[in-house]
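What follows is the residue order along each chain.
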Amino acid sequence: MNSQLERMKTKKGFIAALDQSGGSTPKALLHYGVPESAYTNDEEMFNLVHKMRTRIITSPAFNSEYILGAILFEQTMDSKIEGMYTADYLAQKKDILPFLKIDKGLADQANGVQLMKPIPDLDEILRRANERNIFGTKMRSVIKEANRDGIKEVVEQQFEIGKQIIAAGLVPIIEPEVDIYSQDREQSEAILKEELLKHLNDLNENENVMLKLSIPAIANTYKELTTHPRVVRVVALSGGYSREEANQKLKENDNIIASFSRALSEELNVNQSEEEFNQSLKEAVTSIYEASTVKE
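Computed from a predicted structure; not experimentally measured.

J.: Would you mind showing me how to read the environment of Met-45 here?
T.: Assignment of secondary structure puts Met-45 in helix α3 (residues 42-58). Here the alpha-carbon distance between Met-45 and Leu-29, two residues 16 residues apart in the chain, equals 8.4 Å.

J.: Explain the side chain of Glu-74 here, please?
T.: With respect to the helices, strands and loops of the structure, Glu-74 is situated in helix α4 (residues 74-77). Here Arg-128 takes part through its side chain, which lies 3.0 Å from a polar atom of the side chain of Glu-74. Among all residues touching Glu-74, those that are not within four sequence positions of it are Leu-100, Lys-101, Lys-104, Ile-125 and Arg-128.

J.: Is there a simple way to think about helix α7 (residues 148-167) in this case?
T.: One turn of the α-helix equals 3.6 residues, which is why residues spaced by three or four share an orientation. Between the first and last C-alpha of α7 there are 29 Å, a value that for 20 residues agrees with the 28 Å anticipated at 1.5 Å per step. Within α7 the residues assigned to the buried category are Gly-150, Ile-151, Val-154, Val-155, Gln-157, Gln-158, Phe-159, Ile-161, Gly-162, Ile-165 and Ile-166. Contact partners of the buried residues in α7: β6 (113-114), α6 (122-131), β7 (136-143), β8 (171-178), α8 (185-201) and β9 (209-214). Positive backbone phi, at 90°, marks Gly-169, one or two positions downstream of α7.

J.: I'm lost on the packing of α3 against helix α5 (residues 86-93) in this one. Help?
T.: The description of two packed helices rests on the angle between their axes and on the distance between the axes. Two elements in contact, α3 and α5, have axes whose closest approach is 11 Å; the angle formed by their N-to-C orientations is 5°. On the basis of their axis angle, the class for α3 and α5 is roughly parallel. Note on element contacts: α5 touches α3 through Thr-86, Tyr-89 and Leu-90, opposite His-50, Ile-57 and Thr-58. Tallied by class, the residues present in the contact of α3 with α5 amount to three nonpolar, three polar and no charged.

J.: How should I be thinking about the side chain of Gln-158 in this particular structure?
T.: Mapped onto the fold, Gln-158 is located in helix α7. Since its relative accessible area comes to 0%, Gln-158 is described here as buried. Engagement of the side chain of Gln-158 in a polar contact is seen with the backbone oxygen of Met-139, the distance being 3.1 Å. Of note is the side chain of Gln-158, whose polar atom sits 3.3 Å from the backbone oxygen of Glu-175.

J.: Explain the packing of helix α2 (residues 24-31) against α3 to me, please; I cannot follow it from the model alone.
T.: At a minimum axis separation of 10 Å, α2 and α3 run at an interaxial angle of 50°. Taken together, the axis directions place α2 and α3 in an arrangement best described as oblique. Crossing of α2 over α3 shows left-handed handedness. The residues of α3 that touch α2, namely those facing Thr-25, Pro-26, Ala-28 and Leu-29, are Met-45, Phe-46, Leu-48, Val-49 and Met-52.

Reading guide: rules and limits
Going along each chain's sequence as written, the residues are numbered from 1 onward. Since the coordinates come from a predicted model, pLDDT governs what is reported: local features require at least 70, and pairs of side-chain atoms require 80 or more to be given and counted, while whole-chain, interface and lining totals use all residues. Note: side-chain values were computed over all heavy atoms of the structure, leaving out hydrogens and water. Numbering of helices and strands runs from the N terminus, with a helix taken as a DSSP run of H or I at least four residues long and a strand as a DSSP run of E at least two residues long. Any pair of N or O atoms that falls within 3.5 Å is considered a polar contact. Within protein, one atom must be able to donate a hydrogen and the other to accept it, and sequence-neighbouring residues count only if both atoms are side-chain atoms. What makes two residues a contact is simply this: any of their non-hydrogen atoms within 4.5 Å. Helix span is expected to be 1.5 Å times the residue number reduced by one. Summary of the burial criterion: residues with accessible area below 20% of their type's maximum are buried, those above 50% are exposed, and those between are partly exposed, where the area comes from a 1.4 Å probe applied to protein chains only. Interaxial angle, 0 to 180 degrees, is taken between N-to-C directions of lines fitted to C-alpha atoms, where a helix line uses only the stretch in contact. Angles below 35 degrees are treated as roughly parallel, those above 145 as roughly antiparallel, those between 65 and 115 as roughly perpendicular, and all remaining angles as oblique. Ten residue types, Ala, Val, Leu, Ile, Met, Phe, Trp, Tyr, Cys and Pro, are classed as nonpolar, four, Asp, Glu, Lys and Arg, as charged, and the remainder, Gly among them, as polar. What makes a crossing left-handed is the near helix being turned counterclockwise from the far one by less than a right angle; a clockwise turn instead makes it right-handed.

All quantities given are derived from atomic positions and should not be read as evidence of function.
Now the structure itself:
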């Protein structure tokens, strides 16, 4: 784990987010060229999305020269690629660190934020994650308004669960996403930074986290977080931006690397030939890598 932790801290590259789940899966498939008429139930839907993820992961363009880690959905963790569990395939065949999305989705909005729904089977998920050789986890909350009480609650919940994840021997990605379309986004980001610093300062030297944040409205808002001794890495989500926009905005922020989902796969299509698919993925991977390393 220590050598993996060191690699995540210091190596150039980015994290691929392949963890669309539940409500976002039909949208991801549609974007990939698979209509809802192609499946009749959840099992068929997840099989199709696993085929899409398998195609991405097995592509020669998806390699450790550019990609440090990949975030998986729980069902993907339990599925196989070429006879190996997905996380084992990533770690052993690709030398890419596997992460697992552990949240159960978002609660209804209150105090300008959406907390995570309860995760009643967290201990069991973490046990299975260790069995499947997962390196870290990811969990998402959303901040819609600059409401200090709401933002405080989001960060408290993230770190409370984060400590359970650390105790299980995994590295949590804390993800309090600020909605890029919110009216008072700059204020939200300023409050979020304050709250994150409070909790980071309370961690002991054996408690390390990663942060996944929206690319800030004001460049380098989060620069102080990137050098905090308890932060393994700060990564950015694309948050609705196109890849070109996300890459451009990311380049303006020192020491932050990408953890893109839609921006990674936006030009991939089920009907592409292998050559076309691999070329599209290669262009995406290299451009996101460049945006992630330009200031490092």
